Amino acid sequence: MCDEKMDSALRQKAAIARAKTNGPVYAVTRTCYFLLATLALLEIANAQRTIVPKDLINDLADEVVKQPLGPMREIALQDLVLTKVVTGKGEPTLIMMIEALRPGKQTVAVTRMEQRKQSRKVPGKDGNLVDQEFLVPVEITENVEMDIKVPAGRRPVEFPASEFEFYDLHGRNVELDQAAKQLSQLRPMFLLDATHGSPPEVPELYRQALREDCLIAVTAKLVRDRRSLPMMRLAPAVDVVAPRNVKP
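Calculation notes
Residues numbered from 1 in each chain as written. Predicted model: local features only at pLDDT ≥ 70, side-chain atom pairs only at ≥ 80, totals over all residues. Heavy atoms only, no water. Helix = DSSP H or I, 4+ residues; strand = E, 2+ residues; numbered from the N terminus. Buried < 20%, exposed > 50% of the residue type's maximum accessible area, 1.4 Å probe, protein only. Areas by Shrake-Rupley, 256 points an atom, 1.4 Å probe, with all protein chains shown as cover. Phe/Tyr/Trp six-rings, centres within 6.5 Å; stacked < 30°, edge-to-face > 60°. Lys NZ or Arg CZ within 6 Å of the ring centre and 35° of its normal. Contact = heavy atoms within 4.5 Å. Pairing = 2+ DSSP bridges. Salt bridge = Lys/Arg side-chain N within 4 Å of Asp/Glu carboxyl O. pLDDT = per-residue confidence, 0-100. Polar contact = N/O pair within 3.5 Å; in protein donor to acceptor, adjacent residues only side chain to side chain.

**Q** So what exactly am I meant to see when it comes to the overall build of the protein here?
**A** Regarding its fold elements, the protein presents five helices and seven strands. Out of the 248 residues in the protein, the part that is buried amounts to 32%. Accessible surface, the protein as shown: approximately 15600 Å² in total, 53% of it carbon and sulfur.

Here it is, written out as structure tokens:
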């Protein structure tokens, strides 16, 4: 577990990274923010020769993807989801077929550094050869099993339609009533979740291939389940510059 000093330093550097994402000069995506915060954690852990808990990195990743940073990339075909709006006595409901994830395992080869003792013969004070020990860095590769999330097929997910903003392929706003009519049957729709603001421009090639009345939905809600990032063991810091001699 991380002590209070590590947690405080991590929070301070993560706050700086978050402030940069909100500034007018920096255009940092949530992925860059995650990397900045993770590197800060690794730097602290390496200095203290500790192990970074995998759950701490996954919790950090979950917090990052919840940050509504606004669309900063082009719309891609993987953003298309089958969607339908159900209207009745209550509030209209958006039903989307979203890829579900389940817990799984992954085995990867991890390389770490270890310091090992070696000896050599050197002349002693009396002129005789004596054994002298010194430390050398050695690469150790081993297979490590990590917890990951793997695809488990598409599952229907329901959200109140009022929590989404709808746009056409040209970026023009579409009222909820009109969107409900266009989505009365299960149809493809671009989904931009965990974000806000007007959607980016749809590439001309997509507009030619898709129906003219295809919609784009934007919401600050986290709809898609994100894959947790597995954390590998952190190797202890070692001196790789030169062997440190030990007196015989």
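Here the narrative resumes, following the displayed structure.
**Q** Explain the packing of aromatic side chains here, please?
**A** The description of an aromatic ring pair rests on the distance of the ring centres and on the angle between the ring planes. Summed over all chains, the structure comprises one aromatic pair. The lysine or arginine in question, arginine 120, covers the ring of phenylalanine 134, its NZ or CZ lying 4.6 Å from the ring centre.

**Q** Just to check I follow, could you spell out the environment of isoleucine 98 for this structure?
**A** With respect to the element layout, isoleucine 98 can be found in strand β2 (residues 93-123). For the pair isoleucine 98 and leucine 82, spaced 16 residues apart in sequence, the C-alpha to C-alpha distance is 8.1 Å. In this structure isoleucine 98 touches Val81, Gly153, Arg154, Arg155, Val157, Leu191, Val223 and Arg224, once residues within four positions along its chain are discounted.

**Q** How do you make sense of the sheet that holds strand β1 (residues 80-86) when you look at a structure like this?
**A** The strands that make up a sheet pair up through hydrogen bonds in the backbone, lying either parallel or antiparallel. Across the sheet, seven strands lie side by side as β3-β2-β1-β6-β7-β4-β5; this open sheet has mixed pairing. Both edges of this open sheet fall to β3 (129-160) and β5 (173-174), since each of them pairs with a single strand only.

**Q** Got a minute to help me understand the pattern of salt bridges in this structure?
**A** Pairs can form between side chains of opposite charge whenever their charged atoms are close. Here the structure, examined in full by the defined rule, presents eleven salt bridges. For arginine 112, the salt bridge is made with glutamate 114, and the minimal N-O distance between the two is 2.4 Å. The salt bridge partner of arginine 112 is glutamate 142, with a shortest N-O separation of 3.1 Å. In this pair, arginine 112 sits in strand β2 while glutamate 142 sits in strand β3, placing the two residues 30 residues apart along the sequence. One salt-bridge network, held together by shared partners, links Arg112, Glu114, Arg116 and Glu142.

**Q** So what exactly am I meant to see when it comes to the pairing of strand β6 (residues 187-192) here?
**A** It is a general feature of regular strands that their side chains alternate between the two faces of the sheet. In terms of burial, β6 is largely enclosed, as five of its six residues are buried. Strand direction decides the pairing type here: β1 and β6, joined by four bridges, are antiparallel. Note on β6: the bridge partner recorded for threonine 83 is arginine 187.

**Q** What is the right way to look at the pairing of β3 in this model?
**A** With 30 bridges joining them, β2 and β3 adopt antiparallel strand pairing. The partner of arginine 116 across the bridge, within β3, is valine 136. The loop that links β2 with its antiparallel partner β3 comprises five residues; one of these, glycine 127, has a positive phi angle of about 90°.

**Q** Looking at this model, I keep getting lost on the confidence of the model for the protein. Mind explaining?
**A** Detailed conclusions should not be drawn from predicted coordinates in areas where pLDDT is low. Looking at the protein, pLDDT values average 75 and 61% of them are 70 or higher. Mean pLDDT per element in the protein: helix α1 (residues 4-22) is the minimum at 50, and strand β4 (residues 165-167) is the maximum at 95. Counting interchain partners and residues more than four positions distant, the pLDDT-below-50 stretch residues 68-72 has 20 contacts.

**Q** How do you make sense of unusual backbone geometry when you look at a structure like this?
**A** It is generally the case that most residues other than glycine have a negative phi and that most peptide bonds are trans. Although it is not a glycine, alanine 194 adopts a positive phi angle of roughly 55°. With respect to the helices, strands and loops of the structure, alanine 194 is situated in the loop between β6 and α5 (204-209). The class of alanine 194 is buried, set by a relative accessible area of 1%.

**Q** Can you walk me through the side chain of threonine 83 in this structure?
**A** Along the chain, threonine 83 falls in strand β1. Separated by 3.2 Å, the side chain of threonine 83 and the backbone oxygen of valine 81 make a polar contact. If we ignore the near neighbours within four places in the chain, the residues touching threonine 83 are Leu94, Ile95, Met96, Leu183, Gln185, Leu186, Arg187 and Met189.

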